[in-house]
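Residue-level structural notes
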Amino acid sequence: MFNRIFGGGKGGGGARGQGRGRGGGNKPGSGPAGNCVCPECGHKVTHQVGERCVDLKCPKCGAQLIRE
């Protein structure tokens, strides 16, 4: 009865805000800076915020770009 009245529950509340979200971390391709690179010919294009490299095509050979 005491627990119901005064909120003596056993909830874990384990959320600690450890998620980095989009564009965070220290892995290759994280963050807004960097380049998109063609795996076929090596041509580099500056990465634009809000655009995924894999959605772009190389202006030289037409291959799908990847994040550097």
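Details of the structure are given in the entry above.
Here the structure is a predicted model, which means the values were calculated and not measured.

1. So, the overall build of the protein chain
- Helix and strand content of the protein chain: one helix and three strands.
- The N-to-C order of helical and strand elements in the protein chain reads α-β-β-β.
- Counting across all 68 residues of the protein chain, residues that qualify as buried make up 13%.
- Look at the contacts in the protein chain between residues 6 or more apart in sequence, and 32% of them connect residues 24 or more apart.
- Taken as a whole, the protein chain presents about 5,800 Å² of accessible surface, with 50% of it coming from carbon and sulfur.

2. Some details on the side chain of histidine 47
- Topologically, histidine 47 is positioned in the loop between strand E2 (44-46) and strand E3 (66-67).
- Of the residues examined, histidine 47 reaches a relative accessible area of 12% and is grouped as buried.
- For histidine 47, the side chain forms a polar contact with the main-chain oxygen of glutamate 51, separated by 2.9 Å.
- Apart from the residues within four sequence positions on either side, histidine 47 is in contact with Pro32, Gly34, Asn35, Cys36, Cys53 and Arg67.

3. Quick notes on the nonpolar core
- Within the largest apolar cluster, six residues are counted, these being Cys36, Cys38, Cys53, Cys58, Ala63 and Leu65.
- If near-sequence neighbours (up to four positions away) are discounted, cysteine 53 is found in contact with Asn35, Cys36, His47, Leu65, Ile66 and Arg67.

4. Looking at the sheet that holds E3
- Pairing is antiparallel across the open sheet formed by three strands, whose spatial order is E2-E1-E3. Looking at the sheet topology across the chains shown, the edges are occupied by E2 and E3.

5. Description of the state of the cysteines
- Under the criterion given, the structure shown has one disulfide.
- Note that cysteine 36 is cross-linked by a disulfide to cysteine 53, the S-S spacing being 2.0 Å. The sign of the -70° torsion about the S-S bond sets the cysteine 36-cysteine 53 disulfide as left-handed. Placement of the pair is cysteine 36 in strand E1 (residues 35-37) and cysteine 53 in the loop between E2 and E3, with a sequence separation of 17 residues. Exposure class is identical for cysteine 36 and cysteine 53. Each is buried.
- Here cysteine 41 is not disulfide-linked; the sulfur of cysteine 58 is the nearest cysteine sulfur, at 3.6 Å.

Thresholds, definitions, all that
Within every chain, residues take consecutive numbers counted from 1 along the sequence as written. Per-residue local features are limited, in this predicted model, to residues with pLDDT of at least 70; the limit for side-chain atom pairs, both in listing and counting, is 80 or more; totals at the level of whole chains, interfaces and linings are taken over all residues. Computation of side-chain values: all heavy atoms of the structure, hydrogens and water removed. A helix here means a DSSP run of H or I that spans at least four residues, while a strand means a run of E at least two residues long, and both kinds are numbered starting from the N terminus. Exposure is judged per residue with a 1.4 Å probe applied to protein chains only, and the accessible area is read against the type maximum: over 50% gives exposed, under 20% gives buried, and values in between give partly exposed. Whether two residues touch is decided by their heavy atoms; if any such pair falls within 4.5 Å, the residues are in contact. Using a 1.4 Å probe, the Shrake-Rupley method yields the accessible areas, and only the shown protein chains count as cover for residues. Polar contact is the term for a pair of N or O atoms within 3.5 Å; when the atoms are in protein, one must be able to donate a hydrogen and the other to accept it, and sequence-neighboring residues count only if both atoms are side-chain atoms. Residues grouped as a nonpolar core are buried Ala, Val, Leu, Ile, Met, Phe, Trp, Tyr and Cys residues, joined through side-chain atoms within 4.5 Å. DSSP calls a pair of strands paired once it identifies at least 2 bridges connecting them. Any pair of cysteine sulfurs within 2.5 Å is marked as a disulfide.

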